[in-house]
Amino acid sequence: MKRLPKRGAYDRETVFKILDEAFVCHVGFVVDGQPFVIPTNFGRSGETLYLHGSAASRMLRTLSEGVPVCVTVTLTDGLVLARSAFHHSVNYRSVVALGRARLVEDPAEKMEALRLFTEHIMKGRWDEIRWPSEQELKGTTVLALPLEEVSAKVRTGGPVDDEEDYALPVWAGVLPLPVVAAEPIADARLRAGTEIPRYMRNYKRS
Ligand SMILES: Cc1cc2nc3c(=O)[nH]c(=O)nc-3n(C[C@H](O)[C@H](O)[C@H](O)COP(=O)(O)OP(=O)(O)OC[C@H]3O[C@@H](n4cnc5c(N)ncnc54)[C@H](O)[C@@H]3O)c2cc1C
């Protein structure tokens, strides 16, 4: 965490903005000497990142023991096409958080974390859907990771070529790759007359 090159940033605003825009993180941990990096969803409340899943999940069972964990979040904003192979790059924003997670046992905090997961994916949805039952809550493990040792790294802008390469007749620039929602596909068993919710229209992550 100390050896951060020029694109490093630690400020909370940058970190939180990246976390709130992304909806997948990769969770790294070691079991019996074997590293695992597992993709999963997450939620955030202030300086706490929440993970959730089946109580049977090895990832959640392992992390609830308080083992060291590394959570990584990546947003890829665009392809940076340079005139030389060497200077090709990607515009990205990423976060790496290190720490130890704790098992969330308080029912109110657990329910709030589940609300955050849902709202993190689609703001406005929680108020409309059926909330978790007692049974469903029992079968779900929620973990909280304090965002204490966290860094962000950001690359923006166009390619930076070697001076002599600017004369090459090669297209150079950025191909933006935003996350764009396509037309919603209604479930085959959707109740007749159920409209697409207002919060789904113009869905954007950023
Ligand atoms: C976008 C996304 C979001 C997800 N969100 C959640 C979430 O919120 N909560 C949740 O519990 N799970 C989520 N998953 C599933 C998650 O990746 C794991 O598969 C799941 O948590 C089971 O983990 P486990 O440690 O119990 O794996 P195990 O069942 O112990 O897995 C056994 C082995 O299968 C392989 N494996 C496990 N998961 C994957 C995978 N995703 N892809 C390829 N190989 C795999 C690994 O080699 C692993 O060692 C998500 C997956 C994706 C891709």
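**Q** Can you help me understand the site of the ligand in this one?
**A** The environment of the ligand is made up of Val24, Phe36, Ile38, Pro39, Thr40, Asn41, His52, Gly53, Ser57, Arg58 and Met59. At 3.2 Å from an oxygen atom of the ligand is found a side-chain nitrogen or oxygen belonging to Thr40. The side chain of Ser57 places a nitrogen or oxygen atom 3.3 Å from an oxygen atom of the ligand. When the free accessible area of the ligand is taken as 860 Å², the share hidden by the protein chains comes to 48%.

**Q** Just to check I follow, could you spell out the side chain of Asp161 for this structure?
**A** Residue placement: Asp161 occurs in the loop between strand 10 (149-155) and strand 11 (173-176). Among the polar contacts made by the side chain of Asp161, one reaches the side chain of Arg83 at a distance of 2.8 Å. Look past the residues within four positions of Asp161 in its chain and what remains in contact with it is Ala82, Arg83, Ser84, His87 and Tyr166.

**Q** Would you take a moment to explain the pattern of salt bridges for this structure?
**A** Pairs can form between side chains of opposite charge whenever their charged atoms are close. In the structure shown here, the tally under the stated rule is 9 salt bridges. The shortest N-O distance in the salt bridge between Asp20 and Arg44 comes to 2.7 Å. Highlighted residues: Asp20 in helix 1 (residues 12-21) and Arg44 in strand 4 (residues 43-45), separated in sequence by 24 residues. Exposure remark for Arg44: the relative accessible area of 18% places this residue in the buried category. Arg125 is the partner of Glu128 in a salt bridge, and the nearest nitrogen-oxygen pair spans 3.5 Å. Taken together, the salt bridges that share partners define one network made up of Glu21, Asp77 and Arg93.

**Q** Just checking my understanding: could you explain helix 1 for this structure?
**A** Side chains that are three or four residues apart share a direction in an α-helix, a result of its 3.6 residues per turn. Of all the positions in helix 1, only Val15, Phe16, Ile18, Leu19 and Glu21 are classed as buried. Close packing links the buried residues of helix 1 with strand 4, strand 5 (48-54), strand 6 (68-81), strand 7 (89-100), helix 3 (107-121) and strand 10.

About the criteria used
- Residues numbered from 1 in each chain as written.
- Predicted model: local features only at pLDDT ≥ 70, side-chain atom pairs only at ≥ 80, totals over all residues.
- Heavy atoms only, no water.
- Near = heavy atom within 4 Å.
- Polar contact = N/O pair within 3.5 Å; in protein donor to acceptor, adjacent residues only side chain to side chain.
- Areas by Shrake-Rupley, 256 points an atom, 1.4 Å probe, with all protein chains shown as cover.
- Helix = DSSP H or I, 4+ residues; strand = E, 2+ residues; numbered from the N terminus.
- Contact = heavy atoms within 4.5 Å.
- Salt bridge = Lys/Arg side-chain N within 4 Å of Asp/Glu carboxyl O.
- Buried < 20%, exposed > 50% of the residue type's maximum accessible area, 1.4 Å probe, protein only.

Remember, this is a structural readout, not a statement about activity or role.
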